[in-house]
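Listed below, chain by chain, are the residues.
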Amino acid sequence: MTFSDEAIRSSLPNEESTLDPTQVLFRALGRLPAPGDNVAIAIRRIEPGTVVAIDNRSFVIGHTILEGHRFAVIPLCAGDPLLSWGLPFGTAITVIAPGDYVCNQSMLEALSIRQIDGASLPESPNFRDLADAFSFDEKSFSPGPPIDAVPLPSTFAGFRRPGNRGVGTRNFIVILGTTSRTASYARQLAERLQTAVAGQSTIDGIVAIAHTEGGGTKEPNNSQEILKTLAGFIVHPNVGAVLAVDFGVEPITNDRVKQFMIDNQYPLADVPHHFLTLNKGMATGMDEGERIVQEWIGVVGSQVRTNEPLSGLRIALQCGGSDAFSGISGNPLAGAMVHELIRHGGIGVLTETDEAVGAEAYILRNVRNVDIARQFLGVIDQFEEYLSWHGVSSESNPSGGNKLRGLYNIALKSVGAVHKKDPRTRLDHVTQYAEPIGEPGFYFMNGPGNDLEGIAGQVAAGCNLILFVTGNGSVTNFPFVPTLKITTTSRRHRLLSHEMDINAGRYLDGESFESLTQESFELAIKTASGRKSKGERAGHSQVSLWRNWPQTDRSQLQVLQSRTAPDGAPIPLLDSLEKLPTESICELIRTVSGFATERVGLVLPTSLCSSQVARLAAERLNERQVGFHMGVSRFVVLPHTEGCGSSGESIFRLLHRSYRGYLTHPNVAAALLLEHGCEKVPNDVMRYQLEKAGVDGDRFGWASVQLDGGIANAIDNIEAWFTEKIASLPLLPFTATHLGALAVGLMTEGEVSETTATAFAMLTQTIVSQGGSVLIPESDSLLTNDTFLAKTVGPPAVHATLAYGQPFTQSGFHVVGSETDHWVENLTGLGACGAHLMLTVVKKHPRQGHPLLAVIQVAEAASRCDINASDVDLILSGDLADDLENLQKWVVAAAERKRVPVSHATGFVDFQFTRGLLGVTS
């Protein structure tokens, strides 16, 4: 165990049995994580003027101290270290008296934009963050002793896999999108096959692994991380069979994954698998995928659980939505559970490298040997270097939610986070992201602080059970590995009782740590043996790989940081008679702010962690047809992976404006923001940013998975808000207008012919001359096409007029700063800028569409041999007059919703924000 009952009792000052009735006992208000700490953690909100009795003395609380925040218990002078868990997390910059609120500048800034009723907060900080890097004294290093093994190791009921794949805690069939380009296929096929395994008692399900990586046009900087992760997923012991799907032309292909696995001796032959390349059309590919999976069902269903040694259990240790109590209750409990597992010969894996910064001294108190200690410090240096290429550091890791709940800086977050390693547990191994694990013991895996991206690496390494500690109540679950979620306080556990598995807050309430550990360890064994976790029962899961990083050194950092923002003014077009030969008439919906092609209800998740819940909410709203009688055509969700574990000021500015763009998009009749509750862009921050931009936040709905009391309550609240909101909206008429009422995005996959470039130029001239807008990503090849430029803006080099996701305020020809070569990320940016629909040219295979907007995909005649005609909306003939007529008809028909692009009709759509050139996972 990490903190025994006796240790906690010894950390509490002696208190008089009788005291002034105006005073409050310290133990009723605060906790000291370790004896000798000079600041305490408030266990509830403390109001100014409260008199605290402590060790034959008393002091007065000067400001409102929020739950989980810290206050001094002894006098401190400028220069004194502030201690929690016996480790420094800051240095006093002024005299700090007992009862003073302990605060730094970043925490005060984070609180300034949150809605905190009636709180009296300090105006200035009284400590600064630690500035000195950790110094390792090898001369005084002493290796840690091995853990004593139990005399009689226990067992669990698992799926024994052939070869050296290990033992599964679940038995899934996996549809794996090898890159983001086949993410939608994986989701569609998995959904199509759900009934095929209904009632199969030995198959836990068919799940999709749909991720964001490897789908650009260039070799990604994270290619090795992608390959290791995909390889690990394929041979994972929880996978009964796996279908990997690609188009065969991506930077990361099935062939490349297969060769990587052969070269690195992954036991590929020991798992039923198939690598499917979609080169015969999407419909044929869907049928082929279904046929392959159907043939596996009998084989996978024949697998049964057998009695297996507990040494086959490999636990991933993770946390998310951390609070000040994570390091006192939840993390120590998870650490104690893993310590017990290792005594049985099992494995524990800790990651989140940046959340060890500031807590190196704790980790290095118990390490196998000096070489492991060096490796541990080496991966921290490696991670800090990776962050520095993007102008950030590990101090960017704590989110606004962390700071709201008492984790003011990375050192304070880290000294609590590393208690997922019990002090009795020796650090035995240090590995890189997603590398396979084998030898028993405790591992530290180099990986990002982003929960889901870290979990993907742990699962790929072989972890078959996840312990996830959360202060706020993160509802994180992985598709084919069960997750036990541990809450840090009883109050939060009660709020989210349907999503949380273990209440570590019982320890804070006075229960024995030893008995709670034993009970929780037994639950872990039962879960590994097949008992469903709360997350599995809720049917909620997410996956995200360690996302690509754009910079590989600091050479471009100064240039990128000093870029000026686009001014929003469109680029004038040349006077030209080359417009469409006939005027097009469109029947569009007139709104108070312009025209719309349809009226949509939008559920906008503010982060990865609320995206799946938002999807569930939109599905229910569509099923119940809420507001359809008032002109709403459908409900749309925009699921993505951002808003949580990423750093860099530029990515948050990008998200703020992009969210605003979608909330105010002309097609959106009513919009609601759904937060998870602990992300870096929560509802409070978005309300502040909207009002800062002059947008009334009261026009939108606001829901929170955590604060609403879990998934079911949040979805109920979302439905109630939309029902009331839409009932108050007026019915809007359709009005005859022309193409100038539209904003159209143009995108091309590679070079296009002179005829196509001319057709797109004439369409651009027509729309803009009639008062409309055309938007093109800065990275698009049209902007280097001499024909297109000569017929639109002329020979001078074009420049970005809008930042990625910036809603346009002036109609005309706009170039959008894309900062990405990723198809879906560019579609996402154009949609946030205000495009009603997209007109695109594809080459080798169809591309994914957009969930909110029509994406018309056309192919040139030269692509007939590469692309199935049924997968695109139009194949151009090469005759200018004919192509112009057909393009014009498609744009009008899509705008009027009389024709549905094939990507929408088949559900082949995706959504993803770019992180730009400086955004990075932390």
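**As for unusual backbone geometry**
Even without a glycine there, the phi angle at N56 is positive, about 65°. In this structure, R897 is a non-glycine residue whose phi angle is positive, near 60°. Within the element layout of this structure, R897 appears in the loop between α25 (880–895) and α26 (902–905). Judged by relative accessible area, R897 falls into the partly exposed class, the value being 43%.

**Some points on the packing of helix α3 (residues 183–192) against helix α6 (residues 282–301)**
Contact geometry of α3 with α6 gives a least axis separation of 10 Å together with a crossing angle of 50°. Taken together, the axes of α3 and α6 are oblique relative to one another. As α3 packs across α6, the resulting crossing turns out to be right-handed. Between α3 and α6, the residues in contact are Y185, Q188, L189 and R192 and M282, G285, M286, D287, G289 and E290, respectively. Split into classes, the residues belonging to the contact of α3 with α6 amount to 4 nonpolar, 3 polar and 3 charged.

**A few points about the confidence of the model for the chain**
Scored by pLDDT, the chain has a mean of 93; 98% of the residues are at 70 or more. Counting contacts from residues 1–19, a segment whose pLDDT is below 50, to residues more than four positions away or on other chains yields 55 contacts.

**With respect to the packing of helix α19 (residues 649–663) against helix α24 (residues 823–833)**
Packed helix pairs are characterised by how far apart their axes lie and by the angle those axes make with each other. At a minimum axis distance of 7 Å, the contact between α19 and α24 shows a crossing angle of 60°. Here α19 lies oblique to α24, going by the angle between them. In terms of crossing hand, the pair formed by α19 and α24 is left-handed. Seen from α19, the contacting residues are S658, G661 and Y662; seen from α24, they are L827, T828, G831 and A832.

**Some words on the pattern of salt bridges**
Under the definition given, this model contains 37 salt bridges. One salt bridge connects E340 with R343, and the closest N-O pair in it is separated by 3.2 Å. Residue E340 and its partner R343 are located together in helix α7 (residues 326–343), separated by 3 residues, close to a single helical turn. When salt bridges that share partners are traced, they join E213, E453, R547, E642, E825 and R915 into one network.

**Quick word on the side chain of N450**
Along the chain, N450 falls in the loop between β20 (441–445) and α12 (451–461). If we ignore the near neighbours within four places in the chain, the residues touching N450 are G645, R915, T921 and S922.

**So, the nonpolar core**
Grouped together as the largest cluster of nonpolar side chains are 89 residues, with contacts concentrated most on F71, F376, L427, L467 and I486. The element best represented in this core is α7, accounting for 8 residues. In this structure, I486 is in contact with G330, L333, A334, M337, L467, F468, V469, T470, I502 and A504, ignoring residues within four places of it in sequence. One finds L230, I252, A461 and F468 within the second-largest nonpolar core, a separate group that totals 52 residues.

**Regarding the packing of aromatic side chains**
The full count for this structure, using the stated rule, is 24 aromatic pairs. Seen in terms of ring centroids, F788 and F813 are 6.4 Å apart; in terms of plane orientation they differ by 45°. Their pairing is tilted. A residue pair is termed long-range when its members are at least 10 positions apart, and F788 in helix α23 (residues 786–790) and F813 in strand β34 (residues 813–816) qualify at 25 residues. Through a chain of ring-to-ring contacts, the aromatic side chains of F383, Y386, Y433, W546 and W549 assemble into a single cluster. If you follow R70 out to its NZ or CZ, it ends over the ring of F89, 5.8 Å from the centre.

Thresholds, definitions, all that
Residues numbered from 1 in each chain as written. Predicted model: local features only at pLDDT ≥ 70, side-chain atom pairs only at ≥ 80, totals over all residues. Heavy atoms only, no water. Helix = DSSP H or I, 4+ residues; strand = E, 2+ residues; numbered from the N terminus. Buried < 20%, exposed > 50% of the residue type's maximum accessible area, 1.4 Å probe, protein only. Axes fitted to C-alpha atoms, helices over the stretch in contact; angles between N-to-C directions. Parallel < 35°, antiparallel > 145°, perpendicular 65-115°, else oblique. Left-handed = near helix turned anticlockwise from the far one by under 90°. Contact = heavy atoms within 4.5 Å. Nonpolar A, V, L, I, M, F, W, Y, C, P; charged D, E, K, R; others polar. pLDDT = per-residue confidence, 0-100. Salt bridge = Lys/Arg side-chain N within 4 Å of Asp/Glu carboxyl O. Core = buried A, V, L, I, M, F, W, Y, C linked by side-chain atoms within 4.5 Å. Phe/Tyr/Trp six-rings, centres within 6.5 Å; stacked < 30°, edge-to-face > 60°. Lys NZ or Arg CZ within 6 Å of the ring centre and 35° of its normal.

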